[in-house]
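Chains, contacts and geometry: an overview
What follows is each chain in one-letter form.
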Amino acid sequence: MKNQSVTNNLDWISIVIYFALVIMGWLNIYSSSLSSIEQETSIFDFSQIYGKQFMFIILTIPLIFIVLSVEGKFYEKFSSIIYVIGLLSLAGLYVFGKTIKGQANWYSFGSFGIQPSEFVKVATAMALAKYLSDVQVNLKDLNRQIQALGILFLPILLIAPHDPGSALIFCVFILVLYREGLPSWYVLTGFITLILFVLALIIKPLILTVIALVVILFVYYRSRIINRNWILSALVFVMIGGFVFSVDYVFVNVFKQHHRDRFNILLGKEVDMKGIGYNTNQSEIAIGSGGWFGKGYLEGTQTKGGFVPEQHTDYIFTTVGEEWGFLGCLFIIGLFLCLIMRIIYLSERQKTKFSRVYGYSVAAVLFIHFFVNIAMVAGIFPTIGVPLPFFSYGGSGLWGFTILLFIFLKMDANKVNEW
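We now turn to the structure provided with this report. Nothing here was measured: the structure is a model prediction, and the numbers come from that model. (Residues numbered from 1 in each chain as written. Predicted model: local features only at pLDDT ≥ 70, side-chain atom pairs only at ≥ 80, totals over all residues. Heavy atoms only, no water.)

**As for the overall build of the chain**
This is how the line gets drawn: What counts as a helix is a DSSP run of H or I of at least four residues, what counts as a strand is a run of E of at least two, and both are numbered from the N terminus. Buried residues are those whose accessible area, probed at 1.4 Å on protein chains only, stays under 20% of the maximum for their type, while exposed residues exceed 50% and partly exposed ones sit between those limits. Methods summary: accessible areas were calculated by the Shrake-Rupley approach with a probe of 1.4 Å, and residue burial reflects only the protein chains presented.
For the chain, the helix and strand inventory stands at 18 helices and 3 strands. Residues counted as buried form 48% of the 419 residues belonging to the chain. As displayed, the chain has an accessible area near 21,000 Å², and 69% of this comes from carbon and sulfur atoms.

What follows is the structure in structure tokens.
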């Protein structure tokens with residue numbers, strides 16, 4: 001039987017949403033790059049940020065054709081090699097990395113730089129999909145759990161020392177593991193740990209420990225007698241108490257000063273509108289000033305005045321809020337959610353486990369970037385330098401997300417030839 005054309009089976013809904021986001025992202029980068037005294041200039045001015053981003057977008061076209069021209073089985077067959085190359089690229093930053101804004105997470109090539117962590121997300125997604133697609137892998141087995149988590153934590157260990165924001169993104173793969181059978185207590189423990197960490201910064205450790213004891217006793221006595229285990233309950237209490245009392249030490253001695261400042265501003269423990277809290281304060285003003293319908297494209301006063309630092313990168317969504325208004329924000333959020341839900345829908349239709357796991361990884365990575373960036377801009381999450389997919393300025397981010405998405409679309413198109 002002759003194989004059907006992969007091109008004819010591409011999911012054009014996802015592709016249309018992708019290009020819509022990329023184009024609207026560039027429009028906002030263009031707007032955020034113009035000062036109040038500049039007039040609209042040529043998009044081919046490569047000395048400007050919008051010109052460079054336009055070039056990055058143009059270069060994605062041949063990149064997409066290359067990704068789609070590669071045989072679908074190639075990604076599965078060579079996923080382990082690609083993963084190892086990705087890890088080596090991260091390790092190489094400690095020797096050859098260029099420090100930009102205090103973070104040595106770039107390779108410099110003249111006036112351009114490459115951030116390998118953006119591409120290692122693709123490699124990790126493939127490695128995880130390859131490992132889980134093994135017929136002998138059962139995530140109910142402790143050894144398999146450790147091995148799967150090891151695939152995630154190796155890049156985290158290499159990235160975290162100089163870019164904790166990017167390292168955080170890799171934690172989202174735990175949700176993919178949960179979808180594939182990882183016990184739910186892993187995810188539950190992660191959420192509880194995060195909540196306890198934040199509460200320990202607000203409430204005194206002794207008081208929080210007493211509250212935890214009350215909750216544990218309540219759960220213990222409300223459980224059925226046959227399910228009660230006082231040893232386990234006592235162990236949980238000791239672990240929670242030890243963690244709560246260690247938070248202050250970790251916060252003071254492990255976190256860097258700017259990380260502590262951002263948490264303190266977010267939690268209301270400090271008010272510094274001209275210092276560390278300036279970015280968040282200005283982003284909230286910009287978004288709020290847009291009202292329902294926005295001030296109009298290229299008419300944003302906060303944007304034109306350059307009040308929001310790094311507006312073309314991490315804070316690009318503030319331009320949407322000011323110039324396109326609340327309805328414009330809803331439209332962009334709706335596009336992101338449609339793309340993510342579409343990928344999840346397509347993932348469930350895959351005929352191979354490798355394609356399904358990879359698809360869920362794509363959805364998870366896009367979601368965590370989208371959620372954290374908008375929460376960060378809205379002031380409900382500390383500033384950690386997470387870009388908005390397809391919107392934020394940068395070739396590495398755009399190309400990384402493009403490769404991540406189109407590898408999956410290639411796999412989805414190729415499912416007509418799978419048995």
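Read on, since the account is not over.
**A few points about the pattern of salt bridges**
Side-chain pairs of opposite charge can arise whenever the charged atoms involved come near each other. Here is the rule: Within this document, salt bridges are pairs made up of a side-chain nitrogen of Lys or Arg and a carboxyl oxygen of Asp or Glu, the two lying within 4 Å of each other.
Summed over the entire model, instances satisfying the criterion amount to 7 salt bridges. The salt bridge partner of Lys 121 is Glu 118, with a shortest N-O separation of 3.0 Å. Taken together, the residues Lys 121 and Glu 118, both in helix α6 (residues 117–132) and 3 residues apart, mark about one turn of the helix. Note on accessibility: Lys 121 and Glu 118 belong to one class, buried. For Glu 348, the salt bridge identified is with Arg 179, shortest N-O distance 2.8 Å. With Glu 348 in helix α16 (residues 317–348) and Arg 179 in helix α9 (residues 173–179), the pair connects residues that are 169 residues apart, well separated along the chain.

**Re the nonpolar core**
Rules: Throughout this description, the term nonpolar core refers to a set of buried Ala, Val, Leu, Ile, Met, Phe, Trp, Tyr and Cys residues connected via side-chain atoms within 4.5 Å. In this description, contact between two residues means that some pair of their heavy atoms is separated by no more than 4.5 Å.
Counting 97 residues, the largest nonpolar core has Leu 177, Tyr 358, Phe 390, Phe 391, Phe 406 and Ile 407 as the members making the most contacts within it. Broken down by element, this core gets its largest block of residues, 14 residues, from helix α17 (residues 353–377). If we skip the residues at most four places from it in the chain, Tyr 358 touches Val 122, Ala 125, Met 126, Ala 129, Ile 403, Leu 404, Ile 407, Phe 408 and Met 411. Formed by 12 residues, the second largest nonpolar core is a distinct cluster that contains Leu 196, Ala 200, Ala 212 and Phe 251.

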